[in-house]
Amino acid sequence: MTASLGQILLVAGILFALGVFCAVVRRNLIMIVLGIEIMLNAVSIAFVGAALRWSNLEGQAFVLFILAVAATEVSVGLAMVVYAFRRTGSFDPASFNLLK
Amino acid sequence: MSFYTFLFYLISAVVIGATGVAITRQNLVHAVVYLIFSFFGTAMLFYLFGAPLLAALEIIIYAGAIMVLFLFVVMMIKIEPERGAIFSLARAGEWLPAVAFGLIYMVVAVLLIARTPGMGAGLKLLAASPGQFALFVFEHHWFSIEVVSMLLLLAVVGALQLGGKRDRRVDAERAVKGEE
């Protein structure tokens, strides 16, 4: 007997809120991508908890794909961050004002 | 309260604490290392909820590859730290609305979860061995696996294209801007 689904969803929700906070408030491109990773992780916890609740392996299968997609998105995202840094010399999104 | 419920509370506290510390760090390397702690905790949660293969994959892929990639980028590029304290009251307009709305959302989420009928009962412990999990995935989702392999190929091509040969024109632009 372990925690109920409500408590698992609460933990996942708090983690998701922390990830959103990191992605929205921090003025650093790398912290924004880190916030996205935290959000994906929180959702994975919710999926595995739901898989345990309904004894269905679909939740765990989806987490496998979340892992793969997160790896893809981080590699391309960091490549873009490095390229943007080379173009503008800073990680602050407010300094990307070449269109002005 | 059973032993596994106590374990769940303990691991959740560590995960939330480590994540909370990670998002408030000035030093990016510290933030990434705290996040690695958080992912270890998540892997333990996966193991507790009966997904041992996912726990291993989380440590290998998430903490072992993705966070190391972050560390490569952070250590390769010299980053000047953000000016002043991050969450100073003088610039409260940057983070206070986010916190306020986030708290409102959390209250609503807690109320919604508490009102849903089937949420209160403790969960029976089950575990899916890697063999069972693999059989399930390859039986029902084999096509998605093929699509994901294509996606990874695209990611390799994209990363090579974006980070490939140095663009001399871009470097010249930056040199000129640096001299101004």
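Thresholds, definitions, all that
- Residues numbered from 1 in each chain as written.
- Chains lettered and ligands numbered in written order.
- Predicted model: local features only at pLDDT ≥ 70, side-chain atom pairs only at ≥ 80, totals over all residues.
- Helix = DSSP H or I, 4+ residues; strand = E, 2+ residues; numbered from the N terminus.
- Buried ≥ 20, exposed ≤ 12 C-beta atoms within 10 Å, placed from the backbone.
- Contact = placed C-beta atoms within 7 Å.
- Axes fitted to C-alpha atoms, helices over the stretch in contact; angles between N-to-C directions.
- Parallel < 35°, antiparallel > 145°, perpendicular 65-115°, else oblique.
- Nonpolar A, V, L, I, M, F, W, Y, C, P; charged D, E, K, R; others polar.
- Pairing = 2+ DSSP bridges.
- Expected span 1.5 Å × (residues − 1).
- pLDDT = per-residue confidence, 0-100.
- Core = buried A, V, L, I, M, F, W, Y, C linked by C-beta atoms within 7 Å.

Caption draft 1: The arrangement of the overall build of chain B in detail. The secondary structure content of chain B amounts to 7 helices and 1 strand. Listing each helix as α and each strand as β along chain B from the N terminus yields α-α-α-α-β-α-α-α. The buried share among the 180 residues of chain B stands at 20%. Expressed as a percentage of contacts within chain B between residues at least 6 apart in sequence, the contacts between residues at least 24 apart total 57%.

Caption draft 2: Here's a closer look at the packing of helix α2 (residues 29–53) of chain A against helix α3 (residues 52–76) of chain B. Taken N-terminus to C-terminus, the directions of α2 of chain A and α3 of chain B make an angle of 175°; their axes are 12 Å apart at the nearest point. Classified by the interaxial angle, the pair formed by α2 of chain A and α3 of chain B is roughly antiparallel. Every residue of α3 of chain B that contacts α2 of chain A at I30, L34, E37 and V48 of chain A is listed here: L54, I66, F70, V73 and V74 of chain B. Of the residues in the contact of α2 of chain A with α3 of chain B, the class split is 8 nonpolar, no polar and 1 charged.

Caption draft 3: Main features of unusual backbone geometry. Residue and element names in this part refer to chain A. For S55, which is not glycine, the phi torsion reads 50° and is therefore positive. By the element assignment, S55 lies in the loop between α2 and α3 (58–88). Residue class for S55 comes out exposed when judged on the 12 C-beta atoms lying within 10 Å of it.

Caption draft 4: Inspection of the packing of α3 of chain A against α3 of chain B at higher detail. Look at α3 of chain A against α3 of chain B: their axes get within 11 Å of each other, and the N-to-C directions meet at 5°. Between α3 of chain A and α3 of chain B, the angle falls in the class roughly parallel. Contacts between α3 of chain A and α3 of chain B involve Q60, V63, L64, L67, A70, A71, V74, S75, L78, V81 and V82 of chain A from the former and L54, L57, E58, I61, Y62, A65, I66, L69 and V73 of chain B from the latter.

Caption draft 5: Layout of the interface of chain B and chain A. Listed as interface residues are 69 residues of chain B and, on the opposing side, 58 residues of chain A. At the level of secondary structure, the elements contributing two or more residues to the side of chain B that touches chain A comprise α1 (3–22), α2 (28–48), α3, α4 (92–115), β1 (122–123), α5 (130–140), α6 (142–163) and α7 (168–179) of chain B. Per element, the largest residue contribution to the side of chain B that touches chain A is 11 residues, and it comes from α3 of chain B. Split into classes, the residues belonging to the side of chain B that touches chain A amount to 50 nonpolar, 14 polar and 5 charged. Sheet analysis places strand β1 (residues 2–4) of chain A next to β1 of chain B, joined by 2 bridges and oriented antiparallel. The residue of β1 of chain B that forms the bridge with S4 of chain A is G122 of chain B.

Caption draft 6: Looking closely at helix α1 (residues 5–25) of chain A. Spanning 21 residues, α1 of chain A covers 30 Å between terminal C-alpha atoms, matching the ideal 30 Å at 1.5 Å per step. Of all 21 residues in α1 of chain A, 17 are buried; the element is thus mostly enclosed.

Caption draft 7: Focus on the environment of I8 of chain A. All names here are of chain A. Within the secondary structure layout, I8 lies in helix α1. Of the residues examined, I8 has 25 C-beta atoms within 10 Å and is grouped as buried. Sequence-distant contacts of I8, that is, excluding residues within four places in its chain, are made with A3, I45, A46 and G49.

Caption draft 8: How the structure looks around the environment of F49 of chain B. Tracing the backbone shows F49 of chain B in the loop between α2 and α3. Residues F49 of chain B and A128 of chain B, 79 residues apart in the sequence, show an inter-C-alpha distance of 9.3 Å. In contact with F49 of chain B, not counting residues within four places along its chain, are V48, G49 and L52 of chain A.

Caption draft 9: Main features of α2 of chain A. All names here are of chain A. Along its 25 residues, α2 runs 37 Å from first to last C-alpha, staying within 8% of the 36 Å computed at 1.5 Å per residue. Within α2, 20 of the 25 residues are buried, which leaves it mostly tucked inside the rest of the structure. One or two steps after α2, the chain reaches S55, where phi turns positive at roughly 50°.

Caption draft 10: How the structure looks around the confidence of the model for chain A. Per-residue confidence for chain A gives a mean pLDDT of 90, with 99% of residues at or over 70. In the model of chain A, β1 of chain A stands out as the element of lowest mean pLDDT, 86, in contrast to α2 of chain A, which has the highest, 94.

Caption draft 11: Looking closely at the nonpolar core. Grouped together as the largest cluster of nonpolar side chains are 65 residues, with contacts concentrated most on A12, L15, I30, L34, I45 and V48 of chain A. When contributions to this core are tallied by element, the ones reaching two or more residues are α1, α2 and α3 of chain A together with α1, α2, α3 and α5 of chain B. Ignoring any residue separated from it by four or fewer positions in sequence, one finds V48 of chain A in contact with G59, Q60 and V63 of chain A together with F46, F49, A51 and L54 of chain B.

Caption draft 12: Spatial organisation of the environment of A46 of chain A. Residue and element names in this part refer to chain A. Considering the arrangement of structural elements, one finds A46 in helix α2. For A46, a count of 20 C-beta atoms within 10 Å puts it in the buried group. Sequence separation of A46 and V11 is 35 residues, and the distance between their C-alpha atoms is 8.4 Å. Ignoring anything within four residues of it in the chain, the contact list for A46 reads I8, L9 and A12.

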